[in-house]
Amino acid sequence: MVKGKHPVIAIGLDAAEPSLLEKWMAQGYLKNLSRLRQQGIYGRLDNFRDSNVETAWTTFATGNPPQKTGFWAHMGLREGTYNFETRAAYDFQEYPAFYALGEEYRVAAFDVPQVRLTDQIKGVQVAGWGAHSPQVETGSLPETLYQELVDQHGASPALHNDYSVCLDLPKTFQVEERLKVGIERRSAICQDLLERENWDLFLTVFNDPHSGGHLFWHLSQPDHPLYESLRSRVSHDPLLAVYQEMDRAIAEILAKAPDDAYILIFSAHGTGAATIDLPSFAYLPEFLYRFNFPGKFGIGYGKVSEPVPPLITQMKWNWWERHVWGTKYDTNPIRGFLRRKTPSRLFKLIEPWLDSSQGTDLVSPFQLKREGERVVPWNPAQWYKPLWSSMKAFALPSFAEGYVRINLQGREPQGIVPPSEYHALCDELCEKLYALKDARKGIPMVKRIVRTRNDPNERDPKLPDADLIVVWQEEYPTDVMDSPEYGRFGPLPPYRGGSHRPEGFIMALGSGIEAGSSLSEGHVMDLGPTILELMGAPIPERLQGKPLLLGRSEAVIDGVRT
C-alpha cells in the first residue's frame, strides 16, 4: 500500500448484512458494489458477540470496546434508584471520535449515527439528518449548514419515521418509500459536499439497511417463518429494492470522488431474522416475574401440555403493545375478554378502570403514557417496573441482548439480595435460563450468559447496568417459548422482522490495494485506524483497534496468503 497523504471517501451501510451483499452481488443485483468489490479487497469484520447492537457505532467511532468507553446502551438505570432513563449517545469526552483530528485535516462527516458534533473537527459536520435512531440532536457545524442543505436538497422523510410493526404491511411499505426518497436526497447532499472541497476524509452512513432490515426481513428472506404466510401479499422484495437504490446512489456519490482517493464501503454490524425482540422485550421480564412470584403469571401465559398454537400473522388492531397487553393473565374471564376484544376507541375509555389495581401489579403501557413516561412505555419490560423493588432480579428494558439486574442490598434502594447470596442467585438464574427452549423447534433459547461482575460490590461506573447479559440463540426467530418450571410464554406477534448480527464487512480500493483480494480477518474497531492510515494521518494511542492489512503482500488472494 502506498504511504502518504491521500483523501479517503468512507461510506457506511448501517447494519448491512454481509451474506446478503455477497449473494446479491453474485446474482448481479448490486452492479456497482460488485464492480467495486472486483477492483479492491473485501472481507468480513467481527464485532463483540455480547454487545454489538447498541454499541456498534460507538465502537466504530472510538475504536474501542464498551469495556473502555463504559457505554453499553442508550438507556439505563439511574444509579441508586429504580428509575430508567434515556442516555442517548456516548459523550466522546474520554475517547473522541477517531476523525477528530484538529486543524491539520479537513473532514466532512454527514449523518454518522450516534456521533456528537465537536469543535475538534475542522471541516463540516451534520448530525441527525436521517440516521436510524441517531441518538443525537439534529444540527450541524457550521450551524447554518443543516438548513442550507435541507433547503436545497430536502430533509430525510425517514428521520424518526422509519418504524412500523412488521405485521402492519401498509405502514411497512410506506416506510420503504420514505427510505428510497431519503437515499436519493442523501446522494444529492453528498455530491454537493464533495464538490465544495477536496476533503481529507469524507464520511457518511446510509441508514437504510438498518431500517429496512428491521422492517422487511420477513418479507425478503425465506429463513423467516412468516415469509411463506405473507409472500402472497407482497409484490416485490422491499429489502432488495432498498439495497439496489443504495447501490445506485453509491455510484453517483463516488463519481465525484478525487481520482487519487481511497474508497471504503463498510458496515459495523449486520442483520438477520429477528431473534432478539420477543425474548428480550417480553419473555425475559415475564420469566423473572414468574421466577420471583411462583404460581403467578403476567403476560403471554400458556400451558406446555397443549399443542403449540399457530404463528400469529395478523393482529386484530395492528397495535403491538395492545395485543401483548391483551394477553395479561386475569382470573376474571370478563376482564380478560374485554382486554383482548374491546374495539380500540372503547378500550381507551375503559382501560383505566379495567386495569386499575388495589395492590402493586404490572402497569399498562397506556397508563405509563398517561403518566408522561417517555422511556419505551411500549416495551413490556417497563410494565414490571412497579414490582422491581420486591423482586430478587428483574429485566431492564433492552433493544438488544437480555439484561438482568440483581436487586442487591447496598446498591439498590430497596435491595433484598444479600451480597453473600449474589453468586448463588446468578447460578440459579443461569440454570433456569439455560433450560428455556423454543417451543416450535425445541432448540435452547440461550446461547450464553455473560456475568459482568466477579464481586457483587463492584461499583466501576464503566460496568454495564446488567449483572447478567443473556445472549439468545440466532437460529430461529422465537415467538413462543417453554420452561420446564414456569410454563409456556406466548405465542406473541413479532415486533420487527429482523434484528442484528455481529458481523460487519469492509470493501476497500485504491492505490496499492490488489484487485479481487480478500481480507482474512479484522474487527470493527479496526475501521477507524485503517481510515487514518489510508489518509496518512497519525493514529492516536487511545484507539484499541489496529489498521487492517490491505496491501497486496499482507492480504489473502483467492485463499492463499501472498
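Residues numbered from 1 in each chain as written. Predicted model: local features only at pLDDT ≥ 70, side-chain atom pairs only at ≥ 80, totals over all residues. Heavy atoms only, no water.

Participant: Which residues make up the layout of surface pockets, and what are the values?
Facilitator: Taken as a whole, the largest pocket holds about 1200 Å³ of empty space. Lining of the largest pocket is provided by 43 residues; of these, Ser 133, Gln 135, Tyr 163, Val 376 and Phe 399 occupy positions nearest its centre. Of all elements in the fold, only α3 (56–62), α7 (208–220) and α11 (320–325) reach the threshold of two or more residues within the lining of the largest pocket. Residues belonging to the lining of the largest pocket are distributed by class as follows: 19 nonpolar, 14 polar and 10 charged. Its volume calculated, the second largest pocket comes out at about 660 Å³. Lining the second largest pocket are 35 residues, with Gly 70, Arg 87, Pro 461, Leu 463 and Asp 465 sitting closest to its centre. The set of elements that each furnish at least two residues to the lining of the second largest pocket consists of β3 (75–77), β4 (84–86) and β13 (402–406). Residue contributions to the lining of the second largest pocket peak at 3 residues, all from β3. When the residues that make up the lining of the second largest pocket are grouped by side-chain class, the tally is 17 nonpolar, 4 polar and 14 charged. (1 Å grid on protein atoms, 1.4 Å probe; cavity = no way out; pocket = protein on both sides within 12 Å on 5 of 7 lines; lining within 4 Å. Points joined across faces, edges and corners; volume = space filled by probe spheres on them. Helix = DSSP H or I, 4+ residues; strand = E, 2+ residues; numbered from the N terminus. Nonpolar A, V, L, I, M, F, W, Y, C, P; charged D, E, K, R; others polar.)

Participant: I'd like a rundown of the confidence of the model for the protein chain, residues and numbers included.
Facilitator: Averaged over every residue, the pLDDT of the protein chain is 94; residues scoring 70 or more account for 97%. Contacts for the low-pLDDT stretch residues 552–562, under 50 throughout, to residues beyond four places or in other chains number 23 contacts. (pLDDT = per-residue confidence, 0-100. Contact = heavy atoms within 4.5 Å.)

Participant: Go over the environment of Val 205 with me, naming the residues and quoting the values.
Facilitator: Among the secondary structure elements, Val 205 is positioned in strand β8 (residues 201–206). Taking the C-alpha atoms as reference points, Val 205 and Pro 419, separated by 214 residues in sequence, lie 45 Å from one another. Setting aside its immediate chain neighbours within four residues, Val 205 contacts Gly 12, Asp 14, Trp 57, Phe 110, Asp 111, Val 112, Pro 113 and Arg 186.

Participant: Give me unusual backbone geometry: which residues, what numbers.
Facilitator: In this structure, Pro 142 follows Leu 141 across a cis peptide bond, with omega equal to 0°. Within the fold, Pro 142 resides in the loop between β7 (139–141) and α5 (145–153). That bond from Gly 490 to Pro 491 is cis: its omega, 10°, falls within 30 degrees of zero. Tracing the sequence through the fold places Pro 491 in the loop between β18 (487–489) and β19 (498–501). Even without glycine at this site, Asp 111 takes up a positive phi of about 65°. Here Val 376, not a glycine, exhibits a phi torsion of approximately 35°, which is positive. Locating Val 376 in the fold gives a position in the loop between α14 (365–370) and α15 (380–383).

Participant: Residue-level account of helix α10 (residues 277–292), with values.
Facilitator: With 16 residues, α10 should reach 22 Å at 1.5 Å per residue; the first-to-last C-alpha distance of 22 Å fits that figure. Within α10, the axis deviates most sharply at Tyr 283, by approximately 40°, and proline Pro 285 lies no more than four positions further along. For α10, the buried fraction is high: 16 of the 16 residues fall into the buried class. (Expected span 1.5 Å × (residues − 1). Bend = angle between axes of the 7 residues up to and from the residue. Buried < 20%, exposed > 50% of the residue type's maximum accessible area, 1.4 Å probe, protein only.)

Participant: Quick one: what's the story with empty space enclosed by the protein, residue by residue and with numbers?
Facilitator: With the rule as written, the count across this model stands at 5 cavities of 30 Å³ or more. One number sums up the size of the largest cavity: a volume of about 120 Å³. Residue lining of the largest cavity: 16 residues in total, with Leu 278, Pro 477, Thr 478, Asp 479 and Pro 494 positioned closest to the centre. For the second largest cavity, the calculated volume is near 100 Å³. If you trace the second largest cavity, you find 13 residues lining it, with Ile 276, Glu 401, Val 471, Trp 472 and Glu 474 closest to the centre.

Participant: I'd like a rundown of the sheet that holds strand β14 (residues 437–438), residues and numbers included.
Facilitator: The strand order β11-β18-β17-β14 describes an open sheet built from 4 strands, whose pairing is antiparallel. Every other strand in the sheet has two partners, leaving β11 (301–302) and β14 as the edge strands with one partner each. Pairing analysis gives 2 bridges linking β14 to strand β17 (residues 481–483), with the strands arranged antiparallel. Paired with Lys 437 across the two strands is Asp 482, which belongs to β17. Helix-sheet contacts for α10 involve β11, β17 and β18, and the interaxial angle to β18 is about 155°. (Pairing = 2+ DSSP bridges. Axes fitted to C-alpha atoms, helices over the stretch in contact; angles between N-to-C directions.)

Participant: Can you explain the nonpolar core? Please cite residues and give values.
Facilitator: Core analysis: the largest hydrophobic core is formed by 77 residues, its most contacted members being Phe 287, Leu 288, Trp 320 and Leu 429. With 9 residues, the single largest contributor to this core is α10. Discounting residues that sit within four places of it in the chain, Leu 429 has contacts with Phe 287, Leu 288, Phe 291, Ala 393, Val 404, Ile 406 and Leu 468. The next biggest cluster of nonpolar side chains, apart from the first, holds 52 residues, and it includes Ala 16, Leu 30, Leu 179 and Ile 253. (Core = buried A, V, L, I, M, F, W, Y, C linked by side-chain atoms within 4.5 Å.)

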